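For reference, the chains in residue letters:
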Amino acid sequence: DEFEYKGFKYRIVSVVDATVKLIYAGKLTGKVVVPEEVEYQNQKCKVVEIRGDRKTEYYDYQPDDKRRKVERRERYVYFPVFVGQRLESFQDKLEVVLPKSLKEIGWCAFYNCYNLVSVNIPVGVTSIGSSAFSGCSSLTSITIPNSVTSIDGEAFKGCSSLISVAIPDSVTSIGIR
């Protein structure tokens, strides 16, 4: 089940545990606070995950050699949670405050969010997904708490303003791709 609450889109993770994941926030600026709880069908649900979406598209590929027949190929189309925009002025900067209830920052959560300059990763987050912050070219600093045990591949790819990242001893796996 997907639903909207105060301008953000969520998907149910568990009805039994009353948990949800944030799947779309849109193009934002300023300081954005992701709520710890949202309401769905008169029930309070904890936000435990932020995860982008990926859909498979199929297209026809015509090889250079016109005598070969057209091939059917697939590609992925990514839908990040926070949609990036060009950083043209100070007002365009984005700072995101994540809830303490968060357990996972999934893949493509902030993919190509060019105006993201700051994000706090709360204690309790155990994993950072593939391409979670990939392409966040304005991100200058990030603190990874001791609760994180895994960082998937390309999590910080293209973060050209990120000078250093302190990886805690709790991290036992770092993906390469």
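Here the structure is shown first, and the text comes after it.
All values derive from a computational prediction rather than experimental measurement. (Residues numbered from 1 in each chain as written. Predicted model: local features only at pLDDT ≥ 70, side-chain atom pairs only at ≥ 80, totals over all residues. Heavy atoms only, no water.)

> Describe the overall build of the chain, with residues and values.
Across its full length, the chain carries zero helices and 16 strands. The buried share of the chain, taken over its 177 residues, is 44%. Looking at the chain as shown, the accessible area adds up to about 10,200 Å², and 47% of this sits on carbon and sulfur atoms. Distance from the positive charge centre (24 side chains) to the negative charge centre (22 side chains) of the chain: 4 Å. (Helix = DSSP H or I, 4+ residues; strand = E, 2+ residues; numbered from the N terminus. Buried < 20%, exposed > 50% of the residue type's maximum accessible area, 1.4 Å probe, protein only. Areas by Shrake-Rupley, 256 points an atom, 1.4 Å probe, with all protein chains shown as cover. Lys, Arg positive; Asp, Glu negative; His and termini not counted. Charge placed at Lys NZ, Arg CZ, Asp CG, Glu CD.)

> Help me get a handle on the packing of aromatic side chains, residues and values and all.
Considering all chains together, one arrives at five aromatic pairs under this definition. The interplanar angle of 5 degrees and the centroid separation of 4.8 Å between the aromatic rings of phenylalanine 82 and phenylalanine 110 together place this pair among those described as stacked. Taken together, the residues phenylalanine 82 in strand S10 (residues 82–83) and phenylalanine 110 in the loop between strand S12 (104–105) and strand S13 (116–120) connect sequence positions 28 residues apart. Relative to phenylalanine 156, the ring of phenylalanine 133 lies with its centre 5.5 Å away and its plane at 0 degrees, an arrangement referred to as stacked. Highlighted residues: phenylalanine 133 in the loop between strand S14 (127–128) and strand S15 (150–151) and phenylalanine 156 in the loop between S15 and strand S16 (173–174), separated in sequence by 23 residues. What links up through ring pairs into an aromatic cluster is the set Phe82, Phe110, Phe133 and Phe156. (Phe/Tyr/Trp six-rings, centres within 6.5 Å; stacked < 30°, edge-to-face > 60°.)

> Tell me about the sheet that holds strand S11 (residues 94–97), and name the residues and values.
Sheet strands pair via backbone hydrogen bonds, and the direction of the pair is either parallel or antiparallel. Spatial ordering of the open sheet is given by S5-S11-S13, a layout of three strands whose pairing is parallel. Of all the strands in the sheet, just strand S5 (30–33) and S13 have a single pairing partner and so form its edges. Recorded for the sheet is a direction-independent mean angle of 15 degrees between the axes of neighbouring strands. Two elements, S5 and S11, share four bridges in a ladder whose sense is parallel. Counterpart to valine 32 in the pairing with S11 is valine 96. (Pairing = 2+ DSSP bridges. Axes fitted to C-alpha atoms, helices over the stretch in contact; angles between N-to-C directions.)

> Summarise the nonpolar core; cite the residues concerned and give the values.
Note on soluble globular proteins: their nonpolar side chains tend to be buried together. Judged by nonpolar contacts, the single largest core of 43 residues is most densely connected at Phe82, Ile105, Phe110, Leu116, Ile128, Phe133 and Phe156. Contributions of two or more residues to this core are made by strand S2 (8–14), strand S3 (19–24), strand S6 (37–40), strand S7 (43–50), S11 and S13. Once residues within four sequence positions are removed from consideration, leucine 116 is found in contact with Leu94, Val96, Phe110, Phe133, Cys136, Ser138 and Leu139. (Core = buried A, V, L, I, M, F, W, Y, C linked by side-chain atoms within 4.5 Å. Contact = heavy atoms within 4.5 Å.)

> Quick rundown of unusual backbone geometry? Include the residues and the values.
Excluding glycine, residues mostly carry a negative phi; peptide bonds, for their part, are mostly trans. Backbone geometry places glutamine 41, a non-glycine residue, at a positive phi of 50 degrees. In this fold, glutamine 41 is placed in the loop between S6 and S7. Even without glycine at this site, glutamate 154 takes up a positive phi of about 60 degrees. Take glutamate 154: it is sitting in the loop between S15 and S16.

> Describe the environment of serine 138, with residues and values.
Looking at the secondary structure, you find serine 138 in the loop between S14 and S15. Residue classification places serine 138 among the buried residues on the basis of a relative accessible area of 13%. It is 5.8 Å that separates the C-alpha atoms of serine 138 and leucine 116, two residues lying 22 residues apart in sequence.

> With reference to specific residues and values, describe the environment of glutamine 85.
Mapped onto the secondary structure, glutamine 85 falls in the loop between S10 and S11. Sequence spacing of glutamine 85 and asparagine 115 is 30 residues, and the spatial spacing of their C-alpha atoms is 5.8 Å. Setting aside its immediate chain neighbours within four residues, glutamine 85 contacts Lys27, Thr29, Asp92, Tyr114 and Asn115.

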